[in-house]
Amino acid sequence: MPIVFDTPLSRFFTSFRADSSMDRDLSFLAHCDNSELQKLCDILTHDQNGHLRLTEHLTSKEVYLENYPEQMQSLAPAIADELLRFGSNSIATALRYNTPDSYETVVRRVCHQMKVKVGKYDNAATMEHALLEELCEAGLKSLTLEELRTVADQLDIPAKGLTKQAIAAAILAAMRISPIFFRRVAVSMTYEFLSFVIGRGVAVVGARSLQRSLGVLAGPLGWIILTGWTAWDIASPAYRVCIPAVIQVALMRLELQEEGRDA
Amino acid sequence: MEAREIMHPSDAKTIQVFRSLKGFDLVASIALRYGYERLYRGENLGELIKVTDENFPEVARTLHEVVARVGIEEPRLFIYNSPQMNAYTFGNEAPFVAVSSSMVEKMDRQELRCILAHECGHVLCQHSLYLTILHIMEEAGDLFGLLSDTVFLPCLIALRYWSRCSELSADRCAAAVVGEETFQRALLKLTSGLEKIQGDPYQLVRQAAEYEKFQGESVWDKVQQAGRIAFNTHPQMCERALETHCWCKSWQYRQLIAGPKKETAL
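The rules behind the values
- Residues numbered from 1 in each chain as written.
- Chains lettered and ligands numbered in written order.
- Predicted model: local features only at pLDDT ≥ 70, side-chain atom pairs only at ≥ 80, totals over all residues.
- Heavy atoms only, no water.
- Helix = DSSP H or I, 4+ residues; strand = E, 2+ residues; numbered from the N terminus.
- Axes fitted to C-alpha atoms, helices over the stretch in contact; angles between N-to-C directions.
- Parallel < 35°, antiparallel > 145°, perpendicular 65-115°, else oblique.
- Left-handed = near helix turned anticlockwise from the far one by under 90°.
- Contact = heavy atoms within 4.5 Å.
- Salt bridge = Lys/Arg side-chain N within 4 Å of Asp/Glu carboxyl O.
- Polar contact = N/O pair within 3.5 Å; in protein donor to acceptor, adjacent residues only side chain to side chain.
- Pairing = 2+ DSSP bridges.
- Core = buried A, V, L, I, M, F, W, Y, C linked by side-chain atoms within 4.5 Å.
- Buried < 20%, exposed > 50% of the residue type's maximum accessible area, 1.4 Å probe, protein only.
- pLDDT = per-residue confidence, 0-100.
- Arc of directions from axis to C-beta.

## Examining the environment of Glu105(B)
Part 1 of the reasoning: Mapped onto the elements, Glu105(B) comes out in helix α5 (residues 101–106).
Part 2 of the reasoning: Remark: the alpha-carbon pair of Glu105(B) and Pro83(B), spanning 22 residues in sequence, is separated by 9.9 Å.

Right, here's the structure in full:
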């Protein structure tokens with residue numbers, strides 16, 4: 001979780017940052033649908049219970065007040081900046097004169113966290129695609145035979161008499177062949193992704209706290225090391241925010257590509 | 001009106017944290033119920049003038065209107081004798097509002113509505129409940145001196161920062177009730193202490209831009225100014241003017257000013 005809480009101190013430091021131009025991989029956000037951008041914005045600013053996220057900075061900004069929720073395109077650069085901040089290590093960001101990591105780095109980090117295999121030279125769009133594919137696969141596996149048949153029916157894939165594995169394989173194969181199928185499955189699976197992501201996030205947090213509590217036994221030296229470790233850990237990317245946000249961005253990119261293809 | 005519609009994000013986040021701390025609400029409400037609230041209730045009845053429909057009909061009517069708009073249970077209203085224009089609110093179970101005599105004399109009806117709406121904003125957001133903790137810390141500081149200051153200083157600075165943010169929420173409530181122009185005019189009167197204001201009612205907003213520019217001239221200026229206001233319970237007047245001016249461009253403000261409540265996205 002980023003260490004930059006909305007405090008006088010954080011405001012003081014962030015005020016030195018020069019306005020940076022929008023990340024190249026996120027510049028398409030300015031052309032996205034208003035409601036989709038609003039969804040992305042809400043992921044960044046509010047938690048599942050509708051409460052403001054403690055570490056968000058967006059809602060205090062003038063640009064947010066002026067444009068939310070009617071002119072979200074004007075808010076796109078601020079949304080992109082907030083996403084990158086959530087995806088970057090706050091200490092590293094501060095050391096780089098308040099410049100967060102690139103979106104490509106954030107997606108790579110998310111893929112790594114989600115155990116999605118990506119190539120060293122893959123660009124952001126390719127990694128997003130791999131992430132969505134992985135999530136769809138996981139989502140499809142979690143469906144019952146009946147649910148899988150419904151999905152197959154909706155995609156016009158003949159599924160009569162097929163086993164659960166065979167239907168899942170057929171849907172995945174169709175997704176890989178056709179971008180239209182891919183988009184339709186990806187969109188319909190969004191809710192599955194989120195529950196999957198949250199479940200994994202909890203497991204990771206538990207594991208880390210266990211390791212930290214073991215470190216306390218190492219005496220004063222352990223304490224010194226742990227102080228730094230904990231600070232670094234708190235400052236590290238907020239995956240519970242940036243994973244759903246990256247998924248939303250991936251879906252929006254897919255949507256826009258589809259619209260372009262239709263046009 | 002609902003608290004979430006007017007709350008400044010920093011205020012909302014801090015209250016979220018307060019509520020997430022187990023027992024915090026309970027401690028604050030007990031301290032308030034048996035300590036400060038009863039203490040001040042006695043003091044108000046003993047030393048201040050209670051506003052009723054008979055003795056101050058116009059002031060009482062103004063409060064009725066504001067309370068109806070904000071949608072809270074009507075707090076008791078008192079007037080106290082002071083040449084300084086000021087007002088405050090306190091209490092959680094039976095909140096009260098106290099305004100200075102100077103405020104009643106120098107503000108016109110709309111501006112008085114603005115002041116009362118600001119105080120009702122505090123009631124709506126339940127600021128008094130959490131402000132009690134700040135009071136306890138301050139008084140502990142008085143009792144135990146250096147030790148308490150050393151232990152509580154970071155908390156005290158954080159709570160003072162929250163206190164400043166809570167004022168911005170109350171300012172939003174005032175602006176939503178009376179409109180931005182009246183709000184800015186009332187703020188000008190509060191800043192100058194004068195009964196008659198000349199010129200542009202938005203002059204504090206422009207002054208705020210000048211202040212921001214000045215503050216950003218060097219790191220030293222930033223540090224110096226941040227240090228100067230670190231212990232203030234209220235934001236600087238120009239900051240209040242600018243923050244509310246920015247919020248008045250928002251969709252939320254337009255919805256509130258438009259009147260009947262519509263469904264929001266969140």
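Continuing now.
## Section: the packing of helix α4 (residues 72–87) of chain A against helix α6 (residues 103–113) of chain A
Residues and elements named next belong to chain A.
Part 1 of the reasoning: Where α4 meets α6, the closest approach of the two axes is 9 Å, and the angle between their N-to-C directions is 45°. The pairing of α4 with α6 is recorded here as oblique in orientation. The chirality of how α4 crosses α6 is left-handed. Here α4 contributes Leu-83, Leu-84 and Gly-87 to the contact with α6, which in turn contributes Tyr-103, Val-106 and Arg-109.

## Observations regarding the interface of chain B and chain A
Part 1 of the reasoning: Facing the 22 residues of chain B at the interface are 23 residues of chain A.
Part 2 of the reasoning: For the pair chain B and chain A, the number of links is four salt bridges.
Part 3 of the reasoning: A salt bridge links Glu66(A) to Lys249(B), with the shortest nitrogen-to-oxygen separation between them at 3.3 Å.
Part 4 of the reasoning: Our enumeration of links across chain B and chain A arrives at six residue pairs in polar contact (both at pLDDT 80 or more).

## A word on the sheet that holds strand β2 (residues 76–80) of chain B
All names here are of chain B.
Part 1 of the reasoning: Ordered by their spatial adjacency, four strands build an open sheet running β1-β2-β4-β3, and the pairing between neighbours is mixed. The two strands at the open ends of the sheet, each matched to only one other strand, are β1 (49–50) and β3 (87–90).
Part 2 of the reasoning: With two bridges joining them, β1 and β2 adopt antiparallel strand pairing. Paired with Ile-49 across the strands is Ile-79, a residue of β2.
Part 3 of the reasoning: Here helix α3 (residues 24–47) sits on the sheet and contacts β2, β3 and β4 (96–100); the angle it forms with β3, its principal contact strand, is near 135°.
Part 4 of the reasoning: On the sheet, helix α6 (residues 109–124) packs against β2, β3 and β4 and is oriented at approximately 25° with respect to β3.

## Quick look at the nonpolar core
Part 1 of the reasoning: Ranked by size, the top nonpolar core spans 72 residues in total, and within it Met1(B), Ile6(B), Val70(B), Leu77(B), Val99(B), Leu116(B) and Trp247(B) carry the most contacts.
Part 2 of the reasoning: Examining the composition of this core, we find that nine residues originate from one element, helix α8 (residues 146–178) of chain B, more than from any other.
Part 3 of the reasoning: Every residue in contact with Met1(B), bar those within four places of it in the chain, is listed here: Ile6(B), Arg69(B), Val70(B), Leu124(B), Cys173(B), Ala176(B), Val177(B) and Leu256(B).
Part 4 of the reasoning: Met72(A), Ala76(A), Leu132(A) and Tyr239(A) belong to the second largest nonpolar core, which has 64 residues in total.

## What about the pattern of salt bridges?
Residue and element names in this part refer to chain A.
Part 1 of the reasoning: Counted according to the given criterion, the structure contains 23 salt bridges over all chains.
Part 2 of the reasoning: The salt bridge involving Arg-253 is made with Glu-128; its shortest N-O contact spans 2.6 Å. Within this pair, whereas Arg-253 is found in helix α13 (residues 239–262), its partner Glu-128 is found in helix α7 (residues 124–142), the two being separated by 125 residues in sequence. Glu-128 matches Arg-253 in its accessibility class, with the two residues each being buried.
Part 3 of the reasoning: Residue Arg-183 pairs with Glu-255 through a salt bridge whose shortest N-O separation is 3.3 Å. Taken together, the residues span a long stretch of sequence, with Arg-183 in helix α10 (residues 179–188) and Glu-255 in helix α13 at a distance of 72 residues.
Part 4 of the reasoning: Sharing partners across several salt bridges, the network here consists of Glu-133, Glu-137, Lys-141 and Arg-176.

## Considerations on the confidence of the model for chain A
Residues and elements named next belong to chain A.
Part 1 of the reasoning: Averaged over every residue, the pLDDT of chain A is 76; residues scoring 70 or more account for 73%.
Part 2 of the reasoning: At the low end of the mean pLDDT range in chain A sits helix α11 (residues 190–215), at 43; at the high end sits α4, at 92.
Part 3 of the reasoning: This stretch, residues 1–20, has a pLDDT under 50; its non-local contacts, to residues over four places away or in other chains, come to 57 contacts.
Part 4 of the reasoning: Under a pLDDT of 50 for its full length, residues 195–222 has, in the predicted model, 23 contacts with residues more than four places off or in other chains.

## Brief notes about helix α8 (residues 145–154) of chain A
Residue and element names in this part refer to chain A.
Part 1 of the reasoning: The complete set of buried residues in α8 reads Leu-148, Val-151 and Ala-152. Taken down its axis, α8 places every buried residue within 100° of arc, on the same side. Across from the buried face of α8, at angles greater than 90 degrees, the exposed residues are Glu-146 and Asp-153.
Part 2 of the reasoning: On its buried side, α8 packs onto α7 and α9 (164–177).

## Focus: the side chain of Arg240(B)
Part 1 of the reasoning: Among the secondary structure elements, Arg240(B) is positioned in helix α12 (residues 237–247).
Part 2 of the reasoning: Sequence-distant contacts of Arg240(B), that is, excluding residues within four places in its chain, are made with His118(B), Glu167(B), Leu168(B), Asp171(B), Phe183(B), Leu187(B), His234(B) and Pro235(B).

## Points about the packing of helix α4 (residues 57–70) of chain B against α6(B)
Residues and elements named next belong to chain B.
Part 1 of the reasoning: α6 packs onto α4 with a crossing angle of 50° between their chain directions and a minimal axis gap of 9 Å. Taken together, the axes of α4 and α6 lie oblique to each other. Crossing of α4 against α6: the hand is right-handed. Across from Glu-58, Val-59, Arg-61, Thr-62, Leu-63, Glu-65, Val-66, Val-67 and Val-70 in α4, the residues of α6 making contact are Arg-109, Leu-112, Arg-113, Leu-116, Ala-117, Cys-120 and Leu-124.

## A short note on the pairing of β2(B)
Residue and element names in this part refer to chain B.
Part 1 of the reasoning: By the criterion of burial, β2 is predominantly enclosed, with four of the five residues buried.
Part 2 of the reasoning: Where β2 meets β4, five bridges bridge the pair, whose relative direction is parallel. Note that in β4 the partner of Arg-76 across the bridge is Phe-96.

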